[in-house]
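# Architecture at a glance
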Amino acid sequence: MECEINGSLPILDILISKTDSLNFSFSVYRKPTHTDRYLNKLSNHHPCQKIGVIKTLFDRAKKVSDPTHLDEELQHLRMSLQANGYSLLEINKVFSSKPKQLREKLPHLGMVFLPYIGGVTDKIGRILERNNIKTIFIPTKKISEFLRSPKDPLDPLTASGVYKILCSCGLVYIGTTKRSFLSRRKEHMRFCRLNQPEKSAIAEHALNNLSDDILFDNMKILSRTSNFYVRLQREAIEIYKHPNNINRQFDNICLNKAWHLVLKHLEFLTAEVNLK
Ligand SMILES: [Zn+2]
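Residues numbered from 1 in each chain as written. Predicted model: local features only at pLDDT ≥ 70, side-chain atom pairs only at ≥ 80, totals over all residues. Heavy atoms only, no water.

### Regarding the coordination of the zinc ion
Coordination of the zinc ion by the protein involves Cys167 (SG), Cys169 (SG), His205 (NE2) and Asp212 (OD), with metal-donor separations of 2.0 to 2.2 Å. Metal-centred angles of 101 to 115 degrees between the four donor atoms at the zinc ion mark the site as tetrahedral. Binding-site remark: the zinc ion is held by donors from one chain whose sequence spacing is C-x1-C-x35-H-x6-D. Highlighted residues: Cys169 in the loop between strand 6 (161–167) and strand 7 (172–177) and Asp212 in the loop between helix 7 (201–208) and strand 8 (214–224), separated in sequence by 43 residues. According to the relative accessible area criterion, Cys169 is partly exposed, its value standing at 38%. (Donors = N, O, S within 2.8 Å, 3.2 Å for Na, K, Ca; no water. Tetrahedral: all angles 85-135°; square planar, octahedral: opposite > 155°, others 65-115°. Helix = DSSP H or I, 4+ residues; strand = E, 2+ residues; numbered from the N terminus. Buried < 20%, exposed > 50% of the residue type's maximum accessible area, 1.4 Å probe, protein only.)

Set out below in structure tokens:
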């Protein structure tokens, strides 16, 4: 909850201040934690995306600030944009540009998504534009994609996906769940406890092999994904990779034979890596 401080109250990105008992003034509000960091001029993005940053900030200043605060806001933008690598010349050029007259355009024939590679895909984009096809430039790999997440990982068992439960006899059960691994494991344990073999292949195995121990504490996560089709496909792959499974045929989808060659090849590659 925001409270009025010295006659001012922020709401979203607007700071509303009392000027007297009847009037208010409006200016752009930034949280105290705001860093004024925007898309850097040196970043590998299409130039129009960079101009878009300047333009968006300029438009917001004009929309939000009243005339008494506009100059101050524009001055702030000039400073922070320069700190992000933009030259005063290009900032002022965007600030002083007149709004474009909207020309009536033919609807685009289609849209193309291309990675932005300066000097290559922007040229392709221009050719496509001439043929009335719109191009959306997507940034190539970002540094953040190469780095680990700094956040503390959640308990992996709270995710969903494909898992493996081992039995002391050496056989395994491959399963998939859209809920958390934890709740699915609890369910299997309950089916075992209540002797309900029809509800779980693990319970059936435990009932038929009373001297075996199901190693529930040693549940292994094989893949984390919540997508239904991906999970089913992955489960079928894992069942194929674990011939020592106790899964019941009718519980799972059948793996297309096309996968067999791919999996054999992958197995060969992994074995090669392990040897090295
Ligand atoms: Zn067993």
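### Here we look at the packing of helix 1 (residues 47–64) against helix 3 (residues 88–96)
For any two helices packed against each other, the geometry comes down to the angle between their axes and how far apart the axes lie. In contact at an axis separation of 10 Å, helix 1 and helix 3 are set at 55 degrees when each is read in the N-to-C sense. Put simply, helix 1 runs oblique to helix 3. Handedness of the helix 1/helix 3 crossing: right-handed. Between helix 1 and helix 3, the residues in contact are Ile51, Ile54, Lys55 and Phe58 and Glu90, Ile91, Val94 and Phe95, respectively. Across the contact of helix 1 with helix 3, the residue classes tally to six nonpolar, no polar and two charged. (Axes fitted to C-alpha atoms, helices over the stretch in contact; angles between N-to-C directions. Parallel < 35°, antiparallel > 145°, perpendicular 65-115°, else oblique. Left-handed = near helix turned anticlockwise from the far one by under 90°. Contact = heavy atoms within 4.5 Å. Nonpolar A, V, L, I, M, F, W, Y, C, P; charged D, E, K, R; others polar.)

### Considerations on the sheet that holds strand 3 (residues 24–28)
Strand order across the open sheet formed by three strands is 1-2-3, with antiparallel pairing between neighbours. Two strands close off the open sheet at either side, each with one partner strand: strand 1 (8–11) and strand 3. The sheet shows a mean angle of 25 degrees between the axes of neighbouring strands, taken without regard to direction. Sheet topology note: the strand 1/strand 2 (residues 14–18) ladder contains four bridges and is antiparallel. Residue pairing across strands places Leu9 opposite Ile16, the latter belonging to strand 2. Against the sheet, helix 1 contacts strand 2 and strand 3, and its axis sits at roughly 175 degrees relative to strand 3. (Pairing = 2+ DSSP bridges.)

### A few points about the UniProt feature "domain: Helix-turn-helix" (unreviewed entry) in the protein chain
The UniProt entry lists residues 37–94 under the feature "domain: Helix-turn-helix" (unreviewed entry), expressed in the numbering used here. Taken end to end, residues 37–94 is 72% helix and 0% strand, and its two terminal C-alpha atoms sit 19 Å from one another. (UniProt positions renumbered as here; feature names shortened; annotations may be inferred.)

### Observations regarding helix 6 (residues 181–193)
For helix 6, spanning 13 residues, the distance from its first C-alpha to its last is 18 Å, which sits close to the expected 18 Å at 1.5 Å a residue. Taken together, the buried residues of helix 6 touch strand 6, strand 7, helix 7 and strand 8. Two residues or fewer past helix 6, Asn195 is found with a positive phi of approximately 50 degrees. (Expected span 1.5 Å × (residues − 1).)

### Some details on the packing of aromatic side chains
One pass over the structure, following the stated rule, counts five aromatic pairs. Summarising the aromatic geometry, the rings of Tyr116 and Phe137 are spaced 5.9 Å apart at their centres and angled 85 degrees between planes, so their arrangement reads as edge-to-face. Here the residue Tyr116 occupies a position in the loop between strand 4 (110–115) and helix 4 (121–130), and Phe137 occupies one in strand 5 (residues 133–138), the gap between them amounting to 21 residues. Across the pair, exposure class does not vary: Tyr116 and Phe137 are buried alike. Where Phe228 meets Tyr229, the ring centres are 5.1 Å apart and the plane angle is 80 degrees; that geometry is what we call edge-to-face. The exposed category is assigned to Tyr229, whose relative accessible area is 63%. (Phe/Tyr/Trp six-rings, centres within 6.5 Å; stacked < 30°, edge-to-face > 60°.)

### Describing the side chain of Glu238
Along the polypeptide, Glu238 turns up in helix 8 (residues 228–241). Residue Glu238 is classed as buried on the basis of its relative accessible area of 3%. Ignoring any residue separated from it by four or fewer positions in sequence, one finds Glu238 in contact with Val162, Ile174 and Leu222.

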